[in-house]
Amino acid sequence: MAGIAPQPGIMDIELYVGGKSHLPGMANVIKLSSNENPFGPSQAAQEAVRRVVHEMHRYPSSDHAELRQAIGETWGLDPERIICGAGSDEVIAFLCQAYAGPGDEVIHTEHGFAMHRISALAAGATPVEVAEQDRVVSVDNILAACTARTKLVFVANPANPTGTMIGLAELERLAESLPPQALLVIDSAYAEYVEGYDGGAKLATQRDNVVMTRTFSKLYGLGGMRVGWGYGPQAIIDVLQRVRGPFNISGMALTAAEAAIRDTAYVEKCRAENARMRAWLGEALAEHGVSSDASTANFILARFASQAEAEACDIYLQGQGVLVRRTTGYKLPHALRITVGDEASCRRVAHLIGLFKAGAR
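Residues numbered from 1 in each chain as written. Predicted model: local features only at pLDDT ≥ 70, side-chain atom pairs only at ≥ 80, totals over all residues. Heavy atoms only, no water.

**Describing the packing of aromatic side chains**
Reasoning step 1: Applying the stated criterion across every chain, the model contains five aromatic pairs.
Reasoning step 2: Their ring planes at 35° and their centres at 6.5 Å tell us that Tyr190 and Tyr193 sit as a pair that is tilted.
Reasoning step 3: Classification of Tyr193 as buried rests on a relative accessible area of 5%.
Reasoning step 4: Arranged with centres 5.0 Å apart and planes meeting at 45°, the rings of Phe216 and Tyr220 form a pair that is tilted.
Reasoning step 5: The exposure class assigned to Phe216 is buried, which follows from its relative accessible area of 0%.
Reasoning step 6: Among the aromatic residues, those joined into a cluster by ring pairs are Tyr190, Tyr193 and Phe299. (Phe/Tyr/Trp six-rings, centres within 6.5 Å; stacked < 30°, edge-to-face > 60°. Buried < 20%, exposed > 50% of the residue type's maximum accessible area, 1.4 Å probe, protein only.)

Below, the structure written as structure tokens:
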């Protein structure tokens, strides 16, 4: 319409395209395109939702106190320094809304999560892409890209879609070396898959320029519920709470998340099974001549000889009822991201890729 225009940056956003869920004419599709927990949510989470389903007419908690308490108890964090969002995506959007705008720069890495750039543009800020080193975040490259206009630095650790990560010492070096007006955001959506890794929680506890974001969409199997959270300095969290909508998470989602995080036995089972099949799948693909970096998440980034070969393999897999994720939008056109499913799914996709490499079309 003439004279009616969106804010600067909005039209530069390419619409986010999620992993495919369906194939025309196929009923039993193996979905390995969205990094979902193949075992779904725990029975405890399902039972918790059933108990409150009759309360859908009630507004949910506006302060998320019970969920923040459960998160704090699980990870040894101060609940007052936790903010909950509709997925960690919303917390990322809060950060850009609150701390970046026209004239400001937001750093994200070459193959980093798409929402980092999208949220920066939505806030009117300028996204600055920084090159990685062999699909691994480079602290030196990030620091070289920092200017007086840098307000936010996003680092996904482990990273999606590469599955790689950097150590806590490197994260600490980055936090210590950032310009004083810049905030480091450690996007730790896949942290639960790494044994002994706190996702950057200690760093966010000790420093006033670090925020950590987490999600219930991956290991906890609650992607459809949309629950995430952030943790950081009290002053930062207080600011984010001011832009958060009072009822941004549904009552059922809050209940499911609290039950899920307290079901530690189920969490450990899912983590162990993912680690087992992740190692198996990486080795199986290598035997078929498909390389990948050692993944620390719940997916494998399978690299092919060319974009044409990757796309041909994807088409072949779809024809066999298997969905994986192309990563052209992440500047990895020669690769396919394959979620670590249950054992049957992993064996199926590895077998089919073997057939493809052997000449099947």
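After that view of the structure, there is still more to cover.
**Comments concerning the packing of helix α1 (residues 43-52) against helix α9 (residues 251-262)**
Reasoning step 1: For the pair α1 and α9, interaxial distance at closest approach is 8 Å and the crossing angle is 150°. The two elements α1 and α9 meet at a crossing, and its hand is right-handed. The residues of α9 that touch α1, namely those facing Ala44, Ala45, Ala48, Val49 and Val52, are Met252, Thr255, Ala256, Ala259 and Ala260. (Axes fitted to C-alpha atoms, helices over the stretch in contact; angles between N-to-C directions. Helix = DSSP H or I, 4+ residues; strand = E, 2+ residues; numbered from the N terminus. Left-handed = near helix turned anticlockwise from the far one by under 90°. Contact = heavy atoms within 4.5 Å.)

**Concerning the packing of helix α2 (residues 65-75) against α9**
Reasoning step 1: Contact geometry for α2 and α9: axes closest at 9 Å, N-to-C directions at 15°. Comparing their axes, α9 and α2 come out roughly parallel. For the pair α2 and α9, the crossing hand works out as left-handed. For the pair α2 and α9, the contacting residues are Glu66, Leu67, Gln69, Ala70, Ile71, Glu73, Thr74 and Trp75 in the first and Leu254, Ala257, Glu258, Ile261 and Arg262 in the second.
Reasoning step 2: Looking at the contact of α2 with α9 residue by residue, the class counts come to seven nonpolar, two polar and four charged. (Parallel < 35°, antiparallel > 145°, perpendicular 65-115°, else oblique. Nonpolar A, V, L, I, M, F, W, Y, C, P; charged D, E, K, R; others polar.)

**What to know about the nonpolar core**
Reasoning step 1: Among the nonpolar cores identified, the biggest contains 56 residues, and Leu184, Phe216 and Trp229 are the most heavily contacted of them.
Reasoning step 2: Examining the composition of this core, we find that six residues originate from one element, α9, more than from any other.
Reasoning step 3: Those residues in contact with Leu184 that lie beyond four places of it in its chain are Val153, Val155, Leu171, Leu174, Ala175, Leu178, Asn209, Val210 and Val211. (Core = buried A, V, L, I, M, F, W, Y, C linked by side-chain atoms within 4.5 Å.)

Shape is all these values report; function is a separate question.
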